[in-house]
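# Examining the three-dimensional arrangement
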There are 2 protein chains.
Amino acid sequence: MAEAAALIDKAFAGRRTLIVAGTCHVHYVGRASSNLENGERLLIVKSDGSLLVHRPVGHEPVNWQPAGCVFHVQIKGDELEVHGIRQKPRENVKVTFSHLLMVSALSLEDAGEFLLHASEDDMHRAILLKPELIEEGFKPISWEKKVEPGFVDIYGEDKNGKLVIVEVKRKTASKEAVLQLAKYIEPIKAKVNREIRAVLVAPSLGKDVQRLLVTMGLEYKTLDPKVCAEVLKKTESTKLESFFTE
Amino acid sequence: MAEAAALIDKAFAGRRTLIVAGTCHVHYVGRASSNLENGERLLIVKSDGSLLVHRPVGHEPVNWQPAGCVFHVQIKGDELEVHGIRQKPRENVKVTFSHLLMVSALSLEDAGEFLLHASEDDMHRAILLKPELIEEGFKPISWEKKVEPGFVDIYGEDKNGKLVIVEVKRKTASKEAVLQLAKYIEPIKAKVNREIRAVLVAPSLGKDVQRLLVTMGLEYKTLDPKVCAEVLKKTESTKLESFFTE
């Protein structure tokens, strides 16, 4: 235990990535409070002062702290105690090991870029799963709906009951995108006796496109494909499937 | 590499918790797609087939898969490739190591219970941070508002502009809780010329409490303190603070 404590202490001082496996219990007091009874787990403390406690099953940590904790280690009787403290808000996590299986301190270097990609189709799916990406209260009715002269990406209703047609672009939207959206308005107006809003959704707008939108009375909503990819990645697969089999 | 591959293979077969540290790149295709360039990271594969890739900073994994992936390992030239596949939805993650720092396979046993605790005050804070815990479109106006003969827990507006008063209990709500809520209605009605809704929020209702609520025209919303604790735990601290200093 004393040897492990010395290694852990050195890891904290050297801002290494610390991995400890063993039997522990965890006590947390802060934004809420929690108690985790004894069991065999992984403790990971990163160089930025973030903390994770992982059980042998489940992709979510059972305890975690964001970056910025200050750690120290001490021996208390037969136990080794890792103590993490954050100041704002005041948070306190204590991981107490009664038995150790592994202690490892690594200096990891990682400058690799992470690139998340979503297709236009992925963006549609993300909006269907999380309609508030368009706006609060938006309710999708259908997607890829056939409306001569083509297909409307997403077709829905806003919180005031107005019909909303949505055109999605995954890159900077051009004037062509605006005209593509505009051409659906008259055919739909001819069929339904309701107010219609047309919303162009894209990560950004090309030159003079904003002016064209205003002139034509259309709306614009910024949406980054990366945000959509994250929504898709975070949404449990079962939810996605239940939507698409409805 | 060959030795490491054999150990990893054995870990997968024996459903152990696998920890690999080293230089890797990660490619994912599934609900979206992503590429992570070369860098030094931790790979964790759990006994339930969940996967985590952790960079040396940040509490969130850069790549993750829920339980149910099937893994295999192979040597390709100078590299070691860990390949995880999920069927529904089809997902594919490949972690390719060019250099290994550590490989560890552990049999972890963990039956310890996790207890998350939130006080009534924590529940108020969770509702203020995430008003949809009450209902979609709910907007809190103030909390612990003094209204003779006491204090209203949370005071807000619903999506139709009706005034809502909320009484929160962290345990099974008794008839006393209903009467406590009811006594605020008349004093508030006497002051404002608007429709008022009164909502009792608790994890459950005691015997005959439902009937009393209906008789008195009050509403009930189930809310588990654990859910509130999770909301507080997941909300970035900065957000919480900015709310309370406003």
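Residues numbered from 1 in each chain as written. Chains lettered and ligands numbered in written order. Predicted model: local features only at pLDDT ≥ 70, side-chain atom pairs only at ≥ 80, totals over all residues. Heavy atoms only, no water.

### What to know about the packing of aromatic side chains
All names here are of chain A.
- The tally for this structure, following the rule as stated, stands at 2 aromatic pairs over all chains.
- Ring geometry for Phe-12 versus Phe-71: centroids 5.4 Å apart, planes at 25°, classification stacked. Placement of Phe-12 in helix H1 (residues 2-13) and of Phe-71 in strand E5 (residues 70-76) is noted, with a sequence separation of 59 residues between them.
- With relative accessibility at 12%, the residue Phe-71 sits in the buried group. (Phe/Tyr/Trp six-rings, centres within 6.5 Å; stacked < 30°, edge-to-face > 60°. Helix = DSSP H or I, 4+ residues; strand = E, 2+ residues; numbered from the N terminus. Buried < 20%, exposed > 50% of the residue type's maximum accessible area, 1.4 Å probe, protein only.)

### Some words on the relation of the copies chain A and chain B
- Of the transformation superimposing chain A on chain B, the axial component is 0.0 Å and the angular component is 180°, with the fit at an RMSD of 0.1 Å. Such a combination of rotation and displacement between the chain copies is what one expects of a two-fold axis. Every residue of chain A has its C-alpha some distance from the rotation axis, and the shortest such distance is that of Gly-137 of chain A, at 4.0 Å.
- Interface residue correspondence from chain A to chain B reaches 100%, placing this contact among same-surface, isologous pairings. (Least-squares fit on C-alpha atoms with pLDDT ≥ 70 in both. Contact = heavy atoms within 4.5 Å.)

### Examining a negative patch on the surface
- On the surface, Glu-132 and Glu-136 of chain A together with Glu-132 and Glu-136 of chain B cluster together to form a negatively charged patch.
- Looking at the secondary structure, you find Glu-136 of chain A in the loop between helix H2 (120-129) and strand E9 (139-147). (Patch = residues over 30% accessible without salt bridge, like charges linked within 9 Å, V, L, I, M, F, W, Y side chains within 5 Å. Areas by Shrake-Rupley, 256 points an atom, 1.4 Å probe, with all protein chains shown as cover. Salt bridge = Lys/Arg side-chain N within 4 Å of Asp/Glu carboxyl O. Lys, Arg positive; Asp, Glu negative; His and termini not counted. Charge placed at Lys NZ, Arg CZ, Asp CG, Glu CD.)

### A closer look at the packing of helix H3 (residues 175-182) of chain A against helix H5 (residues 209-216) of chain A
Residue and element names in this part refer to chain A.
- Remark: H3 packs on H5, axes separated minimally by 9 Å, with the N-to-C direction vectors making an angle of 20°. Considering their axes alone, H3 and H5 lie roughly parallel with respect to each other. The handedness of the crossing between H3 and H5 is right-handed. For the pair H3 and H5, contact is made by Lys-175, Val-178, Leu-179 and Ala-182 and by Val-209, Leu-212, Leu-213 and Met-216, respectively.
- For the contact of H3 with H5, the per-class residue count stands at 7 nonpolar, no polar and 1 charged. (Axes fitted to C-alpha atoms, helices over the stretch in contact; angles between N-to-C directions. Parallel < 35°, antiparallel > 145°, perpendicular 65-115°, else oblique. Left-handed = near helix turned anticlockwise from the far one by under 90°. Nonpolar A, V, L, I, M, F, W, Y, C, P; charged D, E, K, R; others polar.)

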